[in-house]
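Summary of the model geometry
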Amino acid sequence: MRRNQPAFTQFTVKQETTLLPFIQEALDGISRSKAKAILQGGGCRVGRTVITQHDYVLHVGDRVEISKHKQGATLQSKFLRLVYEDPQIIVVEKAIGILSMASAHHQFCVKTILDNYLRQSHQRCTAHVVHRLDRDTSGLLVYAKTMEAEQILENNWHDIVRDRRYVALVSGRMEEQEGTVRSWLKDNKQYFTYSSPVDNGGKLAITHYRTLEVGERHSLVELKLETGRKNQIRVHMSDLRHPVCGDIKYGNGDDPIGRLALHAFRLHFYHPITGELLRFETPIPSNFRVNTNKK
């Protein structure tokens, strides 16, 4: 027996605004917290697509559907948090412990979770991988929902991405406030990435870093990628003799929080279809900051 779908009330946008205040006004001045709960529960659709972003821009003529009840087809996973969705792309925050895409047939990964969500919400599309994070790196990822968006993002990634940054808890006291690491990275037969200050036949990798906090044993560092090579941040921090904490491959055994302490916290990019500059950020994990002060 099919369950009844939650009732949606349809509204038409009369003037340009953002989604959160629109919901408040549309529902007779409900509180900000209640409007946020509706968004987080998947109770708002724009153009038939579930939107959860508070500052999603609405244009004159947009159709907005709002329900005070939770939808059955919301993205509910301990591995993912839905950050943004429209008909062409979907942005999520990934937890540690899950691959961005499968490396073997039928392997559990972010893509399988998203494909299941899209199927349950009756969207005739699948998630297309555009870029990746390591299994034990958390943070922001964008997936395409159409082949057109996928091709534009993949073929123009360097030009489309305006700002992509990570934050890492690293071992030891950082001596420099900021700087740049530039080297060539190349894998050996055991898939270990080696770094060379001169061209070794590998790929040029450039990482900019800025020290945010320094403690007795650890430092909090912001990292901006100029190139996006495999294991780039982890190798470059090891080059600086301040490896990322919890890095069992390139680290020194320092593991104060029981995980790879690397988080992709900022992703700014131009929308592949509309050209709009989209800005997404997530908070720095609290245990990253706490441990910089431990002695």
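Summary of the structure given here. (Residues numbered from 1 in each chain as written. Predicted model: local features only at pLDDT ≥ 70, side-chain atom pairs only at ≥ 80, totals over all residues. Heavy atoms only, no water.)

1. What to know about the nonpolar core
Judged by nonpolar contacts, the single largest core of 42 residues is most densely connected at Val92, Leu114, Tyr143 and Leu223. Ignoring anything within four residues of it in the chain, the contact list for Val92 reads Leu75, Leu80, Arg81, Leu82, Val83, Val110, Leu114, Gly139, Leu140, Leu141 and Tyr143. (Core = buried A, V, L, I, M, F, W, Y, C linked by side-chain atoms within 4.5 Å. Buried < 20%, exposed > 50% of the residue type's maximum accessible area, 1.4 Å probe, protein only. Contact = heavy atoms within 4.5 Å.)

2. Some details on the environment of Ile89
The residue Ile89 is located in strand E8 (residues 89–94) in this model. As a C-alpha pair, Ile89 and His208 span 119 residues in sequence and 28 Å in three-dimensional space. (Helix = DSSP H or I, 4+ residues; strand = E, 2+ residues; numbered from the N terminus.)

3. Observations regarding the sheet that holds strand E3 (residues 44–46)
Spatially, E1-E6-E3-E4 is the arrangement adopted by the 4 strands of the open sheet, whose pairing is antiparallel. If you trace the sheet from one side to the other, it starts and ends with strand E1 (9–12) and strand E4 (49–50), each paired once. Here E1 pairs with strand E6 (residues 63–66) via 4 bridges, running antiparallel. For Thr9, the partnering residue across the bridge sits in E6 and is Ile66. Its contacts with the sheet put helix H1 (residues 19–26) on E1, E3 and E6, and the angle it makes with E6 is roughly 65°. (Pairing = 2+ DSSP bridges. Axes fitted to C-alpha atoms, helices over the stretch in contact; angles between N-to-C directions.)

4. Considerations on the packing of H1 against helix H2 (residues 32–40)
Between H1 and H2, whose axes approach to 9 Å, the crossing angle comes to 110°. In terms of orientation, H1 and H2 fall into the roughly perpendicular class. Crossing handedness for the pair H1 and H2: right-handed. Judged by residue contacts, Leu19, Leu20, Ile23 and Gln24 of H1 engage Arg32, Ala35, Lys36, Ile38 and Leu39 from H2. (Parallel < 35°, antiparallel > 145°, perpendicular 65-115°, else oblique. Left-handed = near helix turned anticlockwise from the far one by under 90°.)

5. Quick word on the layout of surface pockets
Over the atoms, a rolled probe matching the size of one water molecule traces out where space is still vacant. Estimated volume of the largest pocket: approximately 670 Å³. Lining the largest pocket we find 27 residues, and of these Arg164, Leu225, Thr227, Gly228 and Arg229 sit closest to its centre. Mapped onto the lining of the largest pocket, the elements with two or more residues apiece are helix H5 (157–160), strand E11 (161–171), strand E15 (218–225) and helix H6 (232–239). For the lining of the largest pocket, the element with the highest residue contribution is E11, accounting for 5 residues. (1 Å grid on protein atoms, 1.4 Å probe; cavity = no way out; pocket = protein on both sides within 12 Å on 5 of 7 lines; lining within 4 Å. Points joined across faces, edges and corners; volume = space filled by probe spheres on them.)

6. Overview of the packing of aromatic side chains
Counting across every chain of the model gives 7 aromatic pairs. Between Tyr56 and Tyr84 the ring centres are 5.8 Å apart and the planes differ by 35°, which places this aromatic pair in the tilted class. Highlighted residues: Tyr56 in the loop between E4 and strand E5 (57–58) and Tyr84 in strand E7 (residues 80–85), separated in sequence by 28 residues. The exposure classification of Tyr56 matches that of Tyr84, with both residues buried. Cluster of aromatic residues (ring-pair linked, three or more members): Tyr56, Tyr84, Phe269 and Phe280. One cation-aromatic arrangement involves Arg45 over Phe8; the distance from NZ or CZ to the ring centre is 3.8 Å. (Phe/Tyr/Trp six-rings, centres within 6.5 Å; stacked < 30°, edge-to-face > 60°. Lys NZ or Arg CZ within 6 Å of the ring centre and 35° of its normal.)

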